[in-house]
Amino acid sequence: MMLRSNIIRQCCTSKFLATTQRTALFIFNRHLSSQQKCHYDVSIIGGGAVGSSLAHLLSCHVPSLKVAVLDARVPNSVSDILGVSSSGDDSGNPAVYPSPRAYALSPKSLSLLGSPILSKLEDAGRIAYYDSMQVWESDGPAVLKFDHGDVDKDRLWQNSFFTSDEDKNLDHRLQNILGAVVEDDIMVSCLWEKIKETGRVDLISPVKILAINAPCRDEDSQGDGHESKVSISYKRTVPGQDVNTVEETISTNLLVAADGANSFVRKTLGTFPTVSLAYGRQAVTCTVEIQDSLKQTAFQRFQPNGPIALLPIWSDDLAKRVGASGTKTYANIVWSTTPEEAQQLMKLSDEILIQRMNDLLQCGPVNVPPLLSDNFKKSMPQPIQNAVNGLEMLSRSMNNGLTMSGITERRLGFCVPPIITGIMGRRFSFDLNLMHAKNYTCPRVALIGDAAHTVHPMAGQGLNLGMGDVECLAYNLKQAVESGMGLDGMAGLQYALQQYESSRQRQVVATMGGIQFLHGAFATTFSPMVHARSMGMNIVNSAGPLRKKLVQVATGFEQVF
């Protein structure tokens, strides 16, 4: 009896221990699982156009990576954007005019968005393609005309790291354009909705970043780096709870800063020294109504104070929206000028501002100014005066002859832009600055987009440079994963970051140099330089190979180097 009782007690004890072990193991596994949910392979701070494009590309082409996007805002859904008026009221009616917050995207950048997102933008009527561009100067006869015929169509997918059969269906759309203008809000909303569909990216918003702890270079050089991760602490708003803000911390193998020119990440870490240059200019932007269609053409006229651009944007189909006849045609204005003039433009009445814009855009090519002023020439001996007059006549004849030759040979004369008839909504202004980070990476951290570099908007390369960063970083991370090195250890990740930084800095610095050259060339009023610039523009317009090379670089089909 005693023996039987001991046996029963031992059995009960062993069952209890087994149950306890199973419970402990279950709790441990739950704890481990919860810990794993707080760790990511890639965490992107900034869910705007650049940050969400990177998340989208990684979710499609490197699905094994666990990715998070942290942003201070929750973008509106596409349906909400199409059902909220641009004036900001909640009327439930479609927006009746476009926003001036828009981007000019090259065909290469558009290809990175992919066919589904472009189709969504097209279905919503919120993308405006352009297949030609006209650039002219305010103090000379030169006119630059670019069109889709200057694009080498075979190169569209040749240098693309991310090409799928679905994306190749974009061929007919992207091969015959120079670019497209897309509003910021709907582009970001389309990206977020596509990311949600994949279910491979955690979208954490709205959040306020509280602290970032990243390994320094000394720590990173010790060991294999498995212990050194980036930790991000933030405060997140949780709707529908009594205490609607919670503080959380996540860790990540790689932190990507896509939080704009005033990057919190870049400033907080203090490991990214920058070089800055103020242009001494401001840009004024607004949406305008125009009399006729732009015919898929972008216009830009250069003045000494800065260029004024008239860019195509979506139009309002009245028949579809309210059953009326006709279509309201809109365009975006981006006017770069001095801060003093920008302040004046912001205060002008709509009627006067419309007149000012039309005066500039309706004015075509003119003769180059005299090489030297009359008073200065009168102070010279007569033989020198005669020589200067002869040089002036020669320069004008050559410039006018090259202009006419370009028009005759290419059969592309100067096209007068449509007349502006109204200003829609608010005007915006912002300072123009050049900024470049001396390094784009440090251990387990990378900068992309405006967090790494900002440029003058005159060439429309701001977001396109950021999309180049997105493609290059995603490609190198993909290579690290497929090689088996992964992102957990430092060997594969560091190599990927080095390749990214080296490649992108070459391209960005070269582009910055070109934009800075254009800014200086068109800002000068020194007559001999004006003559030389005008002749240079005419030569570029007439020389097919040179003109096509510029178009290939600007559209993203070729790299500078």
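Relevant structure appears above.
Residues numbered from 1 in each chain as written. Predicted model: local features only at pLDDT ≥ 70, side-chain atom pairs only at ≥ 80, totals over all residues. Heavy atoms only, no water.

## With respect to the overall build of the chain
Argument step 1. When its secondary structure is counted, the chain shows 18 helices and 20 strands.
Argument step 2. If you sum the accessible surface of the chain, you get close to 26,200 Å²; carbon and sulfur atoms cover 55% of it. (Helix = DSSP H or I, 4+ residues; strand = E, 2+ residues; numbered from the N terminus. Areas by Shrake-Rupley, 256 points an atom, 1.4 Å probe, with all protein chains shown as cover.)

## Let's talk about the sheet that holds strand β4 (residues 127-130)
Argument step 1. Judged by pairing direction, the sheet is antiparallel, and its 3 strands sit side by side in the order β3-β7-β4 without closing on themselves. Edge positions in the sheet fall to β3 (102-105) and β4, since each has one partner strand and no second. Within this sheet the neighbouring strands show an average axis-to-axis angle of 20 degrees, counted without direction.
Argument step 2. Where β3 lies against strand β7 (residues 179-183), 4 bridges are found, and the strand directions are antiparallel. In the sheet register, Ala104 faces β7, and the bridge partner there is Val181.
Argument step 3. Together, β4 and β7 form the strand contacts of helix α5 (residues 115-123), whose direction differs from that of β4 by roughly 105 degrees.
Argument step 4. Against the sheet, helix α7 (residues 184-198) contacts β3 and β7, and its axis sits at roughly 90 degrees relative to β7. (Pairing = 2+ DSSP bridges. Axes fitted to C-alpha atoms, helices over the stretch in contact; angles between N-to-C directions. Contact = heavy atoms within 4.5 Å.)

## A short note on the packing of aromatic side chains
Argument step 1. Counted by the stated rule, this structure contains 4 aromatic pairs.
Argument step 2. With a centroid separation of 5.1 Å and an interplanar angle of 80 degrees, the aromatic rings of Trp136 and Phe414 are classed as edge-to-face. With Trp136 in strand β5 (residues 132-137) and Phe414 in the loop between α14 (382-410) and β17 (420-437), this residue pair connects regions lying 278 residues apart in the sequence.
Argument step 3. Classification of Trp136 by relative accessible area gives buried; the value is 0%.
Argument step 4. Here the aromatic rings of Phe302 and Phe522 are separated by 3.9 Å at their centres, their planes lie at 20 degrees, and the arrangement is stacked. Of this pair, Phe302 sits in strand β13 (residues 297-302) while Phe522 sits in helix α16 (residues 490-523), and the two are 220 residues apart along the sequence. There is no split in this pair, since Phe302 and Phe522 are both buried. (Phe/Tyr/Trp six-rings, centres within 6.5 Å; stacked < 30°, edge-to-face > 60°. Buried < 20%, exposed > 50% of the residue type's maximum accessible area, 1.4 Å probe, protein only.)

## Section: the pairing of β4
Argument step 1. Side chains Ile127 and Tyr129 project from β4 onto one buried face, and the interleaved Ala128 and Tyr130 project onto a second face that is buried too.
Argument step 2. When β4 meets β7, the two strands line up antiparallel, connected through 4 bridges. Along β7, the bridge assignment pairs Ile127 with Val182.

## What to know about the nonpolar core
A general trend in soluble globular proteins is that nonpolar side chains are found buried together.
Argument step 1. Membership of the largest hydrophobic core comes to 107 residues, with the highest contact counts inside it found for Val42 and Leu110.
Argument step 2. Counting 22 residues, the second-largest nonpolar core is a separate cluster that includes Phe299, Ala331, Leu361 and Ile420. (Core = buried A, V, L, I, M, F, W, Y, C linked by side-chain atoms within 4.5 Å.)

## Overview of the pattern of salt bridges
Argument step 1. Tallied over the full model, the rule gives 16 salt bridges.
Argument step 2. The salt bridge partner of Arg126 is Glu183, with a shortest N-O separation of 3.3 Å. A residue pair is termed long-range when its members are at least 10 positions apart, and Arg126 in the loop between α5 and β4 and Glu183 in strand β7 qualify at 57 residues. The burial state of Arg126 is the same as that of Glu183; both residues are buried.
Argument step 3. Between Glu341 and Arg356 there is a salt bridge, with its nearest N and O atoms 2.7 Å apart. Here Arg356 lies in helix α12 (residues 350-361) and Glu341 lies in helix α11 (residues 339-347), a separation of 15 residues in the sequence.
Argument step 4. Through salt bridges with shared partners, a single ionic network connects Glu137, Asp139 and Arg533. (Salt bridge = Lys/Arg side-chain N within 4 Å of Asp/Glu carboxyl O.)

## Quick word on the packing of helix α2 (residues 49-61) against α7
Argument step 1. Two elements in contact, α2 and α7, have axes separated by 9 Å at closest approach and are oriented at 25 degrees. Here α7 runs roughly parallel to α2, going by the angle between their axes. Judged by the sense of rotation from one axis to the other, the crossing of α2 with α7 is left-handed. Judged by residue contacts, Ala49, Ser52, Ser53, Ala55, His56 and Ser59 of α2 engage Met187, Val188, Leu191, Trp192, Lys194, Ile195 and Thr198 from α7.
Argument step 2. A class-by-class count of the residues in the contact of α2 with α7 yields 7 nonpolar, 5 polar and 1 charged. (Parallel < 35°, antiparallel > 145°, perpendicular 65-115°, else oblique. Left-handed = near helix turned anticlockwise from the far one by under 90°. Nonpolar A, V, L, I, M, F, W, Y, C, P; charged D, E, K, R; others polar.)

## Brief notes about α7
Argument step 1. Spanning 15 residues, α7 covers 22 Å between terminal C-alpha atoms, matching the ideal 21 Å at 1.5 Å per step.
Argument step 2. All of the buried residues along α7 are Asp184, Ile186, Met187, Val188, Ser189, Cys190, Leu191, Trp192, Glu193 and Ile195.
Argument step 3. The positive-phi residue at the C-terminal boundary of α7 is Gly199, with phi of around 70 degrees. (Expected span 1.5 Å × (residues − 1).)

## A few points about a nonpolar patch on the surface
Argument step 1. Together, Leu391, Leu394 and Met398 line one region of the surface with nonpolar side chains, adding up to about 290 Å² of accessible area.
Argument step 2. Along the chain, Leu391 falls in helix α14. (Patch = residues over 30% accessible without salt bridge, like charges linked within 9 Å, V, L, I, M, F, W, Y side chains within 5 Å.)

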